[in-house]
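Listed below, chain by chain, are the residues.
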Amino acid sequence: MTPIQTGPESGTTPPLRPARPAPESVQPNWAGALRQELFASRTDGLVSVLLIMVILAAALGLLRWALAQAQWAVIQANTSLFAIGRYPVQQQWRLWLLVVLVAALSGVSWGLLRAFPRADRSGEIWPFNDRLVVALLGFLAAWLPAALALGLPLQLRWWVITALLVTMRWLAGHWGRSLPSRLVKLVPLSWPLLYLFGMVLIAGGLGLPRVPPSEWGGLLLTLLMASFAILLSFPIGVVVALGRRSSLPLLRWSSVLYIEFIRGAPLITLLFLGQNILGYMLPGGWAPDRVWRAAWVLTFFCGAYLAEAVRAGLSAVPPGQLEAARSLGLSMPLALQRVVLPQALRIALPAAVGQFISLLQDTTLLSLIGLLDLLGTARTVMANPEFLGKNAEVYLTLAVLFWCCCAALGLGSRALERRLDPTHSPV
Amino acid sequence: MPSTQPMIEARGVQKWYPNGFHALRGVDLSVSKGEVVVIMGPSGSGKSTFIRTFNALEEFQEGSISVDGIALSNDLRNIDAIRCDTGMVFQQFNLFPHLTVLENLSLAPVVVRKRRRSEVETQAMALLERVGIAEQASKYPGQLSGGQQQRVAIARSLCMEPRILLFDEPTSALDPEMVGEVLEVMRGLAAEGMTMVVVTHEMGFAREVAHRVVLMSEGQIVEEAAPETFFTNPQHERSRQFLAQIL
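A brief report on the enclosed structure follows.

Cut-offs and rules
- Residues numbered from 1 in each chain as written.
- Chains lettered and ligands numbered in written order.
- Predicted model: local features only at pLDDT ≥ 70, side-chain atom pairs only at ≥ 80, totals over all residues.
- Heavy atoms only, no water.
- Salt bridge = Lys/Arg side-chain N within 4 Å of Asp/Glu carboxyl O.
- Helix = DSSP H or I, 4+ residues; strand = E, 2+ residues; numbered from the N terminus.
- Buried < 20%, exposed > 50% of the residue type's maximum accessible area, 1.4 Å probe, protein only.
- Pairing = 2+ DSSP bridges.
- Contact = heavy atoms within 4.5 Å.
- Axes fitted to C-alpha atoms, helices over the stretch in contact; angles between N-to-C directions.

### A closer look at the pattern of salt bridges
Here comes step 1: Tallied over the entire structure, the rule returns 25 salt bridges over all chains.
Here comes step 2: Salt-bridge contacts for Arg52 of chain B lead to Glu323 of chain A; the nearest nitrogen and oxygen are separated by 2.7 Å. Note that Arg52 of chain B is positioned in helix H1 (residues 47–54) and Glu323 of chain A in helix H13 (residues 319–327), a pairing that runs across two chains.
Here comes step 3: The buried category is assigned to Arg52 of chain B, whose relative accessible area is 11%.
Here comes step 4: Look at Glu323 of chain A and you get partly exposed, because its relative accessible area is 22%.
Here comes step 5: In this structure, Arg25 of chain B engages Glu218 of chain B in a salt bridge whose closest nitrogen and oxygen atoms are separated by 3.9 Å. Here Arg25 of chain B is found in strand E2 (residues 22–32), whereas its partner Glu218 of chain B is found in the loop between strand E9 (212–217) and strand E10 (220–225), with 193 residues between them in sequence.
Here comes step 6: Given a relative accessible area of 30%, Arg25 of chain B falls into the partly exposed group.
Here comes step 7: Taken together, the shared-partner salt bridges in this structure form one network comprising Arg244, Glu260, Arg263, Glu308 and Arg311 of chain A.

Here it is, written out as C-alpha cells:
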C-alpha cells in the first residue's frame with residue numbers, strides 16, 4: 001500500500017482539501033428537528049395539530065376519570081389478592097425473602113454490567129439512563145405503597161427493598177472490578193440457582209411446609225407460569241430448531257410434526273386438552289395438578305413458536321461460519337455451541353422476545369380453565385358484591401401491570417441486543 | 001527448499017455433487033513439506049472443491065487423500081485430527097463476528113487443544129503483531145477493513161499451529177488496495193517454509209512465491225509446472241487460453 005501524500009511535501013500535486021464542520025442543517029437541533037418532524041408543510045402541520053388535540057383530549061379524559069371519578073378502593077382492599085392470591089399468611093415471609101433476594105441480585109448484576117463494559121467500549125458507571133431508572137424506582141417506592149394504602153410496616157419494607165437494590169447497584173458498580181474474577185463469573189450462574197431456590201420457597205420442600213399450587217394466585221401465579229414457560233421453552237425451541245435442520249430424517253420429521261401440531265391449534269384448545277390428557281403423556285408425577293399441567297402446555301406451546309424463531313436465526317448465519325469453525329478442528333457440538341448458536345440466537349432474540357411477551361399475555365387464558373392468575377383474580381374480585389360495577393378500575397390496573405411487565409421484557413431485550421451486537425459502534 | 005516428504009497425497013480423486021455434476025474427475029496431486037503450490041483455473045474448474053477435500057469440508061466418492069500421513073476416511077476422529085493440523089483461509093474471511101479479534105484467535109486452541117487461555121492469548125498477540133494488527137486485538141471483525149480481516153483470518157489459522165495452510169482465493173473478495181498487505185503476510189509464511197496450497201489468480205504471487213503452478217480445468221489437472229515454465233512456455237492449449245484471458 002502506498003500512502004496518499006498530503007501536506008506541503010507533496011510537491012507537484014496540489015494539497016487535498018481539509019474537512020469542514022457540517023453546516024447547520026445537518027446538525028440536529030431541538031427546534032429545527034421539531035419543525036421538520038411536525039410542521040414541514042401545511043398539511044403536515046394540520047395533521048399534527050389535529051392529532052395532538054385528539055391525544056390530549058383522550059389523555060385529559062382518562063386523567064379526569066382516574067383522579068376524580070374512579071374509586072380505587074377496590075384495588076386498595078385487594079392488593080394482596082392481586083399480588084399473591086390466597087397464599088397462606090403465615091408463610092408469606094418466604095415471598096418477602098424471595099423479593100429481597102431478587103432485588104439484591106438485580107442490583108449486583110446491574111452494577112457489574114456497568115463495571116465490566118464490553119471489550120471495545122469505554123464504560124460509564126452511571127450513564128444517564130441508569131440515573132433515570134434509579135429516580136423512577138425511588139418515585140415508585142415512595143408513591144406506590146402509599147397510593148395502595150398499604151400499612152406503614154409494609155410501606156417501610158418496600159422502601160428498604162428499593163434501597164437495597166440501589167445500594168447493591170452502587171456497590172457493584174464501583175467495586176465490581178476489585179472483586180476476584182471467579183466470584184464475578186458466579187453471578188450469571190446465580191440467577192438459575194435463585195430461580196430454583198425461589199421455586200422451593202414458593203412451593204415448599206427442603207424442610208419448608210408445602211404450599212399447594214392451588215393457593216398461588218394473582219401476579220405471583222402469572223409471573224411464575226410465564227417465567228417457567230419462558231425458561232423451559234428456550235431449550236426446547238433450540239433443540240427442535242436444530243432437529244428441524246438435522247440430516248437425520250426421523251429427528252427432522254418429528255420436529256416438524258411437533259411444530260405443526262402445536263401451531264395448528266389455538267392455545268385455549270391445547271390448555272383444555274392438556275387438562276384432560278397431559279396426565280397420560282408425561283411420566284408419572286410430572287403433571288400432578290391443574291397448575292402444573294397448564295404450565296407444561298404453555299411451555300410446549302411457546303417452544304414450538306420459539307423453534308421457528310431460532311430456525312430463522314440459524315438460517316441467517318452464513319454457512320461459512322460453520323465451515324470456518326469445522327476447519328479449525330471444532331467438533332459439530334462445539335461449533336454449534338461456540339460459533340453458530342450465539343449468532344443465531346442473537347438474530348432470533350427480537351422474535352423470541354415478541355413470543356415471550358405474547359406468552360405473558362396468553363397466561364390470562366389460564367383464567368378460562370379456572371386458575372386464579374391475574375385475570376382470574378380480577379374476575380373473582382369483580383364478582384364480589386362489595387365491588388360491583390368497578391370493572392374499569394380493575395381492568396385498567398391489570399392493563400398497567402401487564403404493560404409494565406411487557407415493557408420491562410422489551411427494554412431488557414433491546415439492551416441485551418445492543419450489548420450483543422458486534423457491529424454497534426461505540427458511542 | 002521443499003523436502004521430498006509428502007504432506008498431501010491425492011490419488012484419483014472423483015467427486016460428484018448431489019445434482020449429478022462431475023466436479024472432480026480423477027485428480028492426482030502430491031505436495032511436499034515446505035512446498036508452495038498455486039492452483040489456478042477458470043471458475044467452475046473444481047479448484048476450490050479440490051482443496052476443500054483436503055480438510056474434508058467436501059466429501060469425495062472415489063480415490064484417496066492422505067494428509068500428513070493420515071488417510072482421510074469417514075472416521076470422524078481422523079477428520080478432526082486432520083483439521084487441527086490443516087489451517088484454511090477463506091475467500092469471505094469467515095471470521096466469527098460475535099467474538100473479538102483476540103477471541104477469534106484463541107477460541108480453537110482453547111476449546112479444541114485444551115490449552116491454557118493465558119498462554120494462548122500471549123501466542124495470539126504475537127501472531128497479531130506479526131500480521132501487523134496487534135492494536136486491533138480487542139475490536140470486533142466488523143470494525144476492521146477487509147485486508148485486516150483476512151490477516152486476522154490467517155493469524156487465526158496459525159494459532160492452531162498447523163502443518164499445512166490452505167488458501168481458497170484469499171484475495172478475491174478484497175478491494176485492490178488491500179490485496180498487497182495480505183499477499184505480504186503469505187509471502188512471509190512461504191519464506192518460513194510453511195506448506196501451502198493456494199487457489200488464487202494473483203499472477204505476481206504465483207510467479208514469485210510458488211514452487212509449482214497447477215492449472216485445473218473441468219475437474220482435472222491440465223498442466224503442472226514450475227512457475228517460470230508455466231507462465232512463459234505453457235505446454236497445453238488450455239493453459240495458453242487461460243493465461244491469455246487473465247493477462
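### Notes on the sheet that holds strand E5 (residues 70–71) of chain B
All names here are of chain B.
Here comes step 1: With antiparallel pairing, the 4 strands of this open sheet are ordered in space as E2-E1-E4-E5. Among the strands making up the open sheet, the edge pair consists of E2 and E5.
Here comes step 2: Where strand E4 (residues 62–67) lies against E5, 2 bridges are found, and the strand directions are antiparallel. In the sheet register, Ser66 faces E5, and the bridge partner there is Ala71.
Here comes step 3: The sheet strands contacting H1 are strand E1 (6–16), E2 and E4, and the helix crosses E2 at an angle near 60°.

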